[in-house]
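# Understanding the architecture of this molecule
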Amino acid sequence: FTLTGVGGLIGVQHTASPPALSQALGAGNLDAVLFPDNPVANAPQIINTLRTVFPVRASNFIIGPMLELGWATPSLVTVRMGLLVEASKFTLLGQAIVALPPLISADLALLYLRLDFVGWVNFDPLQIGFDAKLIHSRVAFISITGQFAFRASFGDQPTFIISAGGFHPHFKEIPSDIPSPFDRVGMSLDIGIVGVSFKGYFAIT
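All values reported here derive from a predicted model rather than from experimental measurement.

### A word on the pattern of salt bridges
When the charged atoms of two side chains with opposite charge come close together, those side chains can pair. In the structure shown here, the tally under the stated rule is 7 salt bridges. Notably, a salt bridge pairs Asp31 with Arg114, separated by 3.4 Å at the nearest N-O pair. In this pair, Asp31 is assigned in the loop between α1 (18–26) and α2 (43–53) and Arg114 in strand β5 (residues 111–123), connecting sequence segments 83 residues apart. Residue classification places Arg114 among the buried residues on the basis of a relative accessible area of 8%. Put simply, Asp31, Arg114 and Asp116 are held in one network by salt bridges that share partners.

The following block contains the structure:
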């Protein structure tokens, strides 16, 4: 394993918004927070994303150390993680990328798997959440999709939700902070005008 990047984030009068981070994850925009590529050229997009996921909150302070780790040289596996610490909550965000062969674009790789994730713990009231999504993932010519969510809250109105791929169409009590649309777990293969796909979901509420 190699340490390939060290970074951090400090926010004065700001807070981390788990719903906004979940939506950014669903749109594949976590790159704006975790070691963004071409930060100068992409500055307007990055700044707009940061304004959304870290809204203003008076008298609040947030600090977040970040690391980028690689396995093998050049890296076949890359993991980027950041831990955002506030007085009343912790937020974990990251990316795990597997590329074979390395150092080529995702469209040309024989194997490319990228999992973006966001997790958080609020202490008042106690709430735990975790979201993850496969981004631009594929094995050879087969595209792979999948989105995952976990919610647990405690107190007077306890709730529990865990899902891989979404929910039953008749289930209407989906929390408002669940990203939408929610990708099914599946795979697809297109050969010319012929396409084959498989999609499914598993959920407990």
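We are not done yet, so read on.
### A word on the nonpolar core
Val33, Val53, Phe54, Leu84, Leu93 and Val118 are the most contacted members of the largest nonpolar core, which has 17 residues in total. Among the elements of the structure, α1, β2 (56–71) and β5 are those that each provide at least two residues to this core. It is α1 that provides the largest number of residues to this core, a total of 4 residues. Every residue in contact with Val118, bar those within four places of it in the chain, is listed here: Leu21, Leu25, Leu30, Thr91, Leu92, Leu93, Gly129, Phe130 and Asp131.

### Observations concerning the pairing of strand β9 (residues 147–153)
Across the 7 residues of β9, 5 count as buried, placing the element largely inside the fold. Pairing geometry for strand β6 (residues 126–134) and β9, over 7 bridges, is antiparallel. What sits directly across from Asp131, in β9, is Ala149. Where β9 lies against strand β10 (residues 159–164), 6 bridges are found, and the strand directions are antiparallel. Residue pairing in the sheet places Phe148 in a bridge with Ala164 of β10. The hairpin formed by β9 and β10 contains 5 residues between the paired strands, and Gly155 there has a positive phi angle of roughly 120°.

### Some points on unusual backbone geometry
Negative phi characterises most residues that are not glycine, and trans characterises most peptide bonds. Across the junction of Thr73 and Pro74, the peptide omega takes the value -5°, indicating a cis bond. Its identity as a non-glycine residue notwithstanding, Ser59 has a phi of 65°, on the positive side. Structurally, Ser59 can be placed in strand β2. Note on Ser59: relative accessible area 76%, which makes it exposed. Backbone geometry at Ala72 places phi at a positive 80°, although glycine is not the residue there. Inspection of the secondary structure assignment puts Ala72 in the loop between β2 and β3 (77–85).

What counts and what doesn't
Residues numbered from 1 in each chain as written. Predicted model: local features only at pLDDT ≥ 70, side-chain atom pairs only at ≥ 80, totals over all residues. Heavy atoms only, no water. Salt bridge = Lys/Arg side-chain N within 4 Å of Asp/Glu carboxyl O. Helix = DSSP H or I, 4+ residues; strand = E, 2+ residues; numbered from the N terminus. Buried < 20%, exposed > 50% of the residue type's maximum accessible area, 1.4 Å probe, protein only. Core = buried A, V, L, I, M, F, W, Y, C linked by side-chain atoms within 4.5 Å. Contact = heavy atoms within 4.5 Å. Pairing = 2+ DSSP bridges.

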